[in-house]
Amino acid sequence: MARIIYGVSGEGSGHSSRARVVLEHLEQQGHEVKVITYDRGYQNLSADFDVFASVGLHIVSRNNKVAPLPTLLNNLQKIPQGISVLQELRKTIFKQFDPQLVLTDFEPLTAYLAQHYDLPLISLDNQHRLRYMEYECPAELKFNRDVTVSVIRAMVPKPDVSLVTTFCLGAVKNAHTFLFPPLLRKEVTALNPTCGDAVLVYLTSGYEGFIELLDRFPRERFIIYGQGDCGERGNLHFKVPSKDGFLTDLANCKAVMATAGFTLMTEALALGKPYLALPMAGQFEQEINAVFLEQMGCGMRAPTPTPDQIGAFLYRLPDFSDQLSKQPSNDNQALLTKLDSLIEQFTQA
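Presented here is an overview of the structure given in this document. (Residues numbered from 1 in each chain as written. Predicted model: local features only at pLDDT ≥ 70, side-chain atom pairs only at ≥ 80, totals over all residues. Heavy atoms only, no water.)

Considerations on the nonpolar core
Put simply, the rule reads: We call a set of buried Ala, Val, Leu, Ile, Met, Phe, Trp, Tyr and Cys residues a nonpolar core when their side-chain atoms join them within 4.5 Å. With a 1.4 Å probe rolled over the protein chains alone, any residue whose accessible area is under 20% of its type maximum counts as buried; one over 50% counts as exposed, and the rest are partly exposed. What counts as a helix is a DSSP run of H or I of at least four residues, what counts as a strand is a run of E of at least two, and both are numbered from the N terminus. In this description, contact between two residues means that some pair of their heavy atoms is separated by no more than 4.5 Å.
Counting residues in hydrophobic clusters, the biggest one holds 55 residues, and the most contacted among them are Leu-250 and Tyr-275. If one sorts the elements of this core by residue count, helix α12 (residues 284-296) sits on top with 7 residues. The contact partners of Tyr-275, leaving out residues within four places of it in the chain, are Val-256, Ala-258, Thr-259, Ala-260, Leu-264, Met-265, Ala-268, Leu-293, Cys-298, Gly-299, Met-300 and Phe-313. Among the nonpolar cores identified, the runner-up in size contains 27 residues, and Leu-45, Val-161, Leu-163 and Leu-339 belong to it.

Pasting the structure below:
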C-alpha cells in the first residue's frame, strides 16, 4: 500500500467535501494518508483523518464582490506563518513520512514540495478544467479567465496527471488530463429529493441587496442561509448554518438561488434543482460556472440580479426541471478507479 500526502485547499468547504470522498476511499484501499489543509478544510477533516494544520489563501468579499485590497492585505499577513509552515512540512512530514505520491486539491505548498522532492503529483480538483479543458468564454470574461489560469498555474505548476471534476464537458488540451463528473458526498447521494414550495437561497455574508429584491415576491417562500440572521420576516425565513438542516432544505426545495460555487451548484443539479446563479463579481470560476449552467439549460445566471430576472427564473422552473431530468447521473466510481490505477502506476515504478 502507498504512503500519500494529500494537500487540500481550506478556502470554503467544497474542497474538503470532495477530499472526504477520496480519503474514505483511500483508507478503504489500505493506503496511509497525511492531509495538509487549513481553515475550513481543517475544521471539516481533522476529526476523522490524520491532518496537519497548514496556512493558505483566503478571498475577502463585500456584497458578493471580491474585495481586492482586503484580500491582498489578508494574505500578505500570512506570509511569515506560511514560511514557518513550509519549513515544518519539509522536516516533519515529507522527510519523516517519506511519501511515495502527492495529491493536491488546489493546495500549493504540497504541490511545490512534490516538485522539490521529485515526487509524482496528481491534481484532483475542479479548477484545472479552466486550464486544461476547451470551452467557450464570453468576451467580457476573457481577461478574468487569463488571470485565473495564471493563478492556477502558479498554485499547481506541473501536475503529472490532472483528474478534473466538471458538470460541463469539453475537449481536453493534453493527454494527462481526465474529466469526470463531480464527486458527490454520501450525505447527498443518500437524499431522496422532493419538490416543495420553497426556494432555497444561499448568499455570501453582507449581500443585503439581493434580500431586498426578494421582498417583491410576496407569494413565494424563501429559506435563506448565509446572512447571519435567524427568524422570519414575512415570506423570508432566515436560518443559521446547519449541515443537516441545509441538506434537508436543499433536497426539498423547488429551486435554488445562490452564489455560483462549484460544490453547491453540482449538488443542486444532481438533486434536480433549477438554479439561479449569482456569481461573485471578480471570481472567474463562479462567473464561468454560471455561464455553463445557462448553456446547459438548467438555470439562469444573474451577475447583477433584477426583479425581472428573478421573475423570469421562477416562470421558467418547469423548463429547467425538464432539462435537469435529462442530465446523466453522477458516478464517483469512475474517478476513484482511475485514481487507484494511477497510484499503482506511480508507486510500483
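What follows continues from the structure just given.
Focus: the pairing of strand β6 (residues 101-105)
Put simply, the test is: One requirement defines pairing of two strands: DSSP has to find at least two bridges between them. Looking down the strands as they point away from you, a crossover is right-handed if its path from the first strand over the helix to the second goes clockwise.
Judged by how many residues are buried, β6 sits mostly within the fold: 5 of 5 residues are covered. Side chains Leu-101, Leu-103 and Asp-105 project from β6 onto one buried face, and the interleaved Val-102 and Thr-104 project onto a second face that is buried too. Where strand β1 (residues 3-8) and β6 come together, 5 bridges link them in parallel fashion. By the bridge assignment for β6, Ile-4 is matched with Leu-101. Of the strand pairs in this sheet, β6 and strand β7 (residues 121-125) are connected by 3 bridges, and their pairing is parallel. Across the sheet, Thr-104 pairs through a bridge with Ser-123, a residue of β7. As for the winding sense of the linkage, the β-α-β connection from β6 through helix α5 (residues 108-116) to β7 is right-handed.

Details of a nonpolar patch on the surface
Using the following cut-off: What goes into a patch is any residue over 30% in relative accessible area without a salt bridge, connected to like charges within 9 Å or, for nonpolar side chains (Val, Leu, Ile, Met, Phe, Trp, Tyr), within 5 Å. Under the convention used here, a 1.4 Å probe and the Shrake-Rupley method define accessible areas, while residue burial counts only the protein chains that appear. Salt bridge, as used here: a side-chain nitrogen of Lys or Arg that lies within 4 Å of a carboxyl oxygen of Asp or Glu.
Nonpolar side chains collect at one region of the surface, where Phe-143, Val-147 and Val-151 lie side by side and expose about 290 Å² of accessible area between them. Among the structural elements, Val-151 can be located in helix α7 (residues 142-155). For Val-151, a relative accessible area of 40% corresponds to the partly exposed category.

Here we look at the packing of aromatic side chains
The following threshold applies: Here is the rule: rings of Phe, Tyr and Trp (six-membered ring for Trp) pair when centre to centre is within 6.5 Å. Planes less than 30 degrees apart are stacked, more than 60 are edge-to-face, and the remainder are tilted. Two conditions define a charge located above a ring, namely a distance within 6 Å from the ring centre to NZ of Lys or CZ of Arg, and an angle within 35 degrees of the ring normal.
Enumeration according to the criterion identifies 7 aromatic pairs in this entry. Centre to centre, the rings of Phe-313 and Phe-320 are 5.7 Å apart; their planes meet at 25 degrees, and the pair counts as stacked. The buried category is assigned to Phe-313, whose relative accessible area is 0%. Three or more aromatic residues joined by ring pairs make a cluster, and in this case those are Tyr-135, Phe-167, Phe-262 and Phe-292. Positioned above the aromatic ring of Phe-97 is the side chain of Lys-34, whose terminal nitrogen or guanidinium carbon lies 5.3 Å from the ring centre. In this arrangement the basic side chain of Lys-338 is found over the ring face of Phe-178, its NZ or CZ atom lying 4.1 Å from the centre.

Examining the sheet that holds strand β8 (residues 161-165)
Filter applied, for reference: For helices, the fitted line uses only the C-alpha atoms of the stretch in contact; every axis is such a line through C-alpha atoms, and the angle between N-to-C directions lies from 0 to 180 degrees.
Strand order in the open sheet formed by 7 strands is β3-β2-β1-β6-β7-β8-β9, and the pairing between neighbours is parallel. Sheet topology places β3 (51-53) and β9 (177-180) at the edges, where each strand pairs with a single neighbour. Mean inter-strand twist for the sheet, computed between neighbouring axes without regard to direction, equals 20 degrees. Across the sheet, helix α15 (residues 332-348) lies against β1, β6, β7, β8 and β9, angled at about 170 degrees from β8, the strand it touches most.

So, helix α11 (residues 262-270)
Counted residue by residue, α11 has 7 buried out of 9 residues, so it is predominantly covered. For α11, every residue scored as buried is listed here: Phe-262, Leu-264, Met-265, Thr-266, Glu-267, Ala-268 and Leu-269. In the segment just after α11, Gly-272 is the residue with positive phi, at about 75 degrees.

Considerations on unusual backbone geometry
One non-glycine residue, Asp-39, lies in the positive phi region at around 45 degrees. As for its position among the elements, Asp-39 is in helix α2 (residues 39-45). Here Asp-39 falls in the partly exposed class, since its relative accessible area comes to 38%. Of note in the backbone geometry, Asp-98 takes a positive phi value of approximately 55 degrees without being a glycine. Inspection of the secondary structure assignment puts Asp-98 in the loop between α4 (79-97) and β6.

By themselves, these observations are geometric and do not establish any function.
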